[in-house]
Amino acid sequence: ARTHMKTKDRTSHRISILWGGDCPEALSTFHTATSIRLALARSGYRQVALVECGALHWIDSLTRETDVAICSSAGPLGEGGALPGLLEMLGLPYVGNSVSACAIAQRKSDFKIYCHGLGLKTPEWDILHQPSDARDVAERLHYPFFVKPNSQGDSFGVSLVQSPDALDTAVQ
């Protein structure tokens, strides 16, 4: 369960914005973190640190110097739920998705199944297990459609496939 910060004036909150991760979209999390930092500064928050989540040396200072963390990291660490899980274990309040929300949303196929179980409509989709099955899957989906890696964040690896000619490149 998340903990809640006691109300303080904005100048005394110590906020850490956690960014990075072992994934292609790590750099985009830095841009997100700097935008969040700027918005907080404009809102009067003065003690805002950007913390790169790489080697574990940052955890000790985080627990001593942070009132609340903002999760902006990516990959298994952020979107996969490891970082929110760590923050919950440390008892640090944080802004971002819960561990269970991360676990469900990280893998697109799991999220589609979850949505279907709730009765939510989603665009037609299929899972491609082998590149050699691409033509069969394409026949079921009908052109145009998107090809996405199952567990990649942001828009990395997403291809719009408008014809059979573009299919082989999209699934590689």
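The sections below set out a description of the structure shown in this document. Fair warning: this is a prediction, and the values are worked out from it, not measured in the lab. (Residues numbered from 1 in each chain as written. Predicted model: local features only at pLDDT ≥ 70, side-chain atom pairs only at ≥ 80, totals over all residues. Heavy atoms only, no water.)

1. A look at the overall build of the chain
We apply this condition: A run of H or I in DSSP becomes a helix once it reaches four residues, and a run of E becomes a strand once it reaches two; helices and strands are each numbered from the N terminus. The classification of residues rests on relative accessible area computed with a 1.4 Å probe and restricted to protein chains. Under 20% of the type maximum is buried, over 50% is exposed, and intermediate values are partly exposed. We call two residues contacting when some pair of their heavy atoms lies within 4.5 Å. All accessible-area figures derive from a Shrake-Rupley calculation using a 1.4 Å probe, and residue coverage is judged against the displayed protein chains alone.
For the chain, the helix and strand inventory stands at eight helices and six strands. Element order for the chain, N to C, with α for helix and β for strand: β-α-β-α-β-α-α-β-α-α-α-β-β-α. Counting only C-alpha atoms and orienting by the principal axes, one finds that the chain spans roughly 60 × 30 × 30 Å. Out of the 172 residues belonging to the chain, those deemed buried represent 33%. For the chain, restricting intrachain contacts to residue pairs at least 6 apart in sequence, the fraction spanning at least 24 positions comes to 60%. A total accessible area of about 10700 Å² is found for the chain, and carbon and sulfur atoms account for 56% of it.

2. Looking at the pairing of strand 1 (residues 14-19)
To be explicit about the condition: One bridge is not enough; two strands pair if DSSP finds at least two bridges between them. Place the viewer so that the strands point away; then a crossover is right-handed whenever the path from the first strand over the helix to the second strand goes clockwise.
Taking burial as the measure, the six residues of strand 1 include five buried ones, the bulk of the element. One ladder, built from six bridges, connects strand 1 with strand 2 (residues 47-52); its direction is parallel. Across the sheet, Arg 14 pairs through a bridge with Gln 47, a residue of strand 2. One crossover worth recording links strand 1 to the parallel strand 2 by way of helix 1 (residues 26-42), and it is right-handed.

3. Some thoughts on the nonpolar core
Where we set the bar: Think of a nonpolar core as a cluster: buried Ala, Val, Leu, Ile, Met, Phe, Trp, Tyr and Cys residues, connected wherever their side-chain atoms sit within 4.5 Å.
With eleven residues, the main nonpolar core is built from Leu 18, Val 51, Cys 53, Trp 58, Ile 59, Leu 62, Ala 69, Leu 83, Leu 87, Leu 92 and Tyr 94. Elements with a minimum of two residues in this core: helix 2 (58-65) and helix 4 (82-90). Ranked by the residues each element gives to this core, the list is headed by helix 2, at three residues. Leu 83 has contacts with Leu 18, Cys 53, Trp 58, Cys 71, Ser 73, Leu 77 and Gly 78, leaving out every residue within four places of it along the chain. Within the second largest apolar cluster, ten residues are counted, among which are Ala 138, Phe 145, Val 161 and Val 171.

4. Focus: a nonpolar patch on the surface
Selection rule: Here, patches come from residues exposed beyond 30% relative accessible area and free of salt bridges, joined within 9 Å for like charges and within 5 Å for nonpolar side chains (Val, Leu, Ile, Met, Phe, Trp, Tyr). Note on definitions: salt bridges are taken to be side-chain nitrogens of Lys or Arg within 4 Å of carboxyl oxygens of Asp or Glu.
A contiguous nonpolar patch, built from Phe 111, Tyr 114, Leu 118 and Leu 120 and spanning about 400 Å² of accessible area, is present on the exposed surface. Summarising the element assignment, Leu 118 is placed in the loop between helix 6 (108-117) and helix 7 (134-141).

5. With respect to the packing of helix 5 (residues 99-106) against helix 6
The angle between the axes and the distance between the axes are what describe a pair of packed helices. Applied cut-off: Simply put, an axis is a line fit to the C-alpha atoms, just over the touching stretch for a helix, and the angle between two N-to-C directions goes from 0 to 180 degrees. Any angle that is under 35 degrees is reported as roughly parallel, and any over 145 degrees as roughly antiparallel; angles of 65 to 115 degrees are reported as roughly perpendicular and all others as oblique.
The contact between helix 5 and helix 6 brings their axes to 5 Å, and the two run at 105°. Classified by the interaxial angle, the pair formed by helix 5 and helix 6 is roughly perpendicular. Here helix 5 contributes Ile 104, Ala 105 and Gln 106 to the contact with helix 6, which in turn contributes Lys 108, Asp 110, Phe 111 and Tyr 114.

6. Considerations on the environment of Ala 69
Considering the arrangement of structural elements, one finds Ala 69 in strand 3 (residues 68-71). Separated by 24 residues in sequence, Ala 69 and Tyr 45 place their C-alpha atoms 13 Å apart. Aside from chain neighbours lying at most four places away, what touches Ala 69 is Ser 16, Leu 18, Leu 87, Pro 93, Tyr 94 and Val 95.

7. What about helix 6?
As a reminder of what qualifies: By definition, the arc is the one covered by directions from the helix axis to the C-beta atoms.
Taken together, the buried positions of helix 6 are occupied by Ser 109, Lys 112 and Cys 115. Each buried residue of helix 6 lies within a common arc of 125° when the element is viewed along its axis, so the set occupies one face. For helix 6, the exposed residues set more than 90 degrees away from the buried face come down to Ile 113 and Gly 117.

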